[in-house]
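For reference, the chains in residue letters:
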Amino acid sequence: RIQILFESEMACCSHEAHQHDDPERGREFSLYTKIDFQSLECLNEEGEGDGAKVFKPWDQRLDQTLFVESDLDEEILFNFKFTGSVKLKGFLVIGEGGEKDPRHLKVFKNAAPMTFDDARRKADQDFDLNHDTNGVVEYQTKVTRFNNCESLTLYFDENFGGETTKICYIGLKGDFTEGQKRGVVICNYESRPQLKDHKQPGATDFSSHGVS
């Protein structure tokens, strides 16, 4: 059901070496910059707007002052659109290392916005999550299922026994393609004058008659 990649280079490095801050690693998980944050909603967040705080730069992933915590129970659900088309390849989830860490995730492609009831159905992919406080556990998606991804729903439905769920960072990895600006095309078409809108007295309208 899941593929978890432990980066051997990261797992064995010393804390002093700071190899977790590899700039290339940061570039891999920069898809947060392609999120349309105006479309982002987080259901069952304790603080309004806190859901957006976990999509942040790589060098801030360990900052536990920026987090989202669920409100009434352990469930928390994110809906958001991208500013273009994404091929989602993987992701990271950082918690605080305790019972509030998320334990299970359901991911839905191009289904946003979803409610908790909507998210009960079968997901495009499920993941069993591990405790991760440093961003060393990478979860691999089945890439063929996440081509042409224009929106995502992330549904964290279980944790490790806490009354609420707390997430400090979500990193998204993949390829991005700019979206087409369809509005310009539509505008050009609409700017063309229509004969029926400019009839002259006595003129014959041939637009609805076939040509023999």
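What you see is a predicted model; the values in this text were computed from it and never measured.

1. Quick look at the overall build of the chain
From N to C terminus, the chain includes three helices and ten strands. Along the chain direction, N to C, the helices and strands of the chain fall in the order β-α-α-β-β-β-β-β-β-β-β-β-α. With 212 residues in all, the chain has 40% of them scored as buried. The long-range share in the chain, meaning contacts at least 24 apart out of those at least 6 apart in sequence, stands at 81%. Counting every atom, the chain has about 12,200 Å² of accessible surface; 47% of that belongs to carbon and sulfur.

2. Examining the packing of aromatic side chains
Counted under the stated rule, the structure contains ten aromatic pairs. Measuring from ring centre to ring centre gives 5.3 Å for Phe 55 and Phe 80, while their planes differ by 65 degrees; the resulting arrangement is edge-to-face. Residue Phe 55 is located in the loop between strand 2 (35–43) and strand 3 (68–69), and its partner Phe 80 is located in strand 4 (residues 76–94); the two are separated by 25 residues in the primary sequence. Overall, the relative accessible area of 4% leaves Phe 55 in the buried class. The class for Phe 80 is buried, based on a relative accessible area of 1%. Judged by centre distance (6.3 Å) and plane angle (75 degrees), the ring pair of Phe 127 and Tyr 139 falls under edge-to-face. Remark: Tyr 139 occurs in strand 7 (residues 137–140) and Phe 127 occurs in strand 6 (residues 125–128); sequence separation between them is twelve residues.

3. Some points on the nonpolar core
Residues Phe 55, Phe 78, Phe 80, Leu 154, Phe 156 and Leu 172 are the most contacted members of the largest nonpolar core, which totals 31 residues. Put simply, the parts of the chain that give this core at least two residues each are strand 2, strand 4, strand 5 (102–109), strand 7, strand 8 (149–159) and strand 10 (169–178). Residue contributions to this core peak at eight residues, all from strand 4. Once residues lying within four places of it in the same chain are set aside, the contact partners of Phe 80 are Ile 35, Ser 39, Leu 40, Phe 55, Ala 112, Ser 151, Leu 152, Leu 154 and Leu 172. Leu 77, Met 114, Phe 116 and Ala 123 belong to the second-largest nonpolar core, a separate cluster that totals eight residues.

4. A closer look at the side chain of Asp 126
On the secondary structure map, Asp 126 appears in strand 6. Of note is the side chain of Asp 126, whose polar atom sits 3.4 Å from the side chain of His 104.

What counts and how
- Residues numbered from 1 in each chain as written.
- Predicted model: local features only at pLDDT ≥ 70, side-chain atom pairs only at ≥ 80, totals over all residues.
- Heavy atoms only, no water.
- Helix = DSSP H or I, 4+ residues; strand = E, 2+ residues; numbered from the N terminus.
- Buried < 20%, exposed > 50% of the residue type's maximum accessible area, 1.4 Å probe, protein only.
- Contact = heavy atoms within 4.5 Å.
- Areas by Shrake-Rupley, 256 points an atom, 1.4 Å probe, with all protein chains shown as cover.
- Phe/Tyr/Trp six-rings, centres within 6.5 Å; stacked < 30°, edge-to-face > 60°.
- Core = buried A, V, L, I, M, F, W, Y, C linked by side-chain atoms within 4.5 Å.
- Polar contact = N/O pair within 3.5 Å; in protein donor to acceptor, adjacent residues only side chain to side chain.

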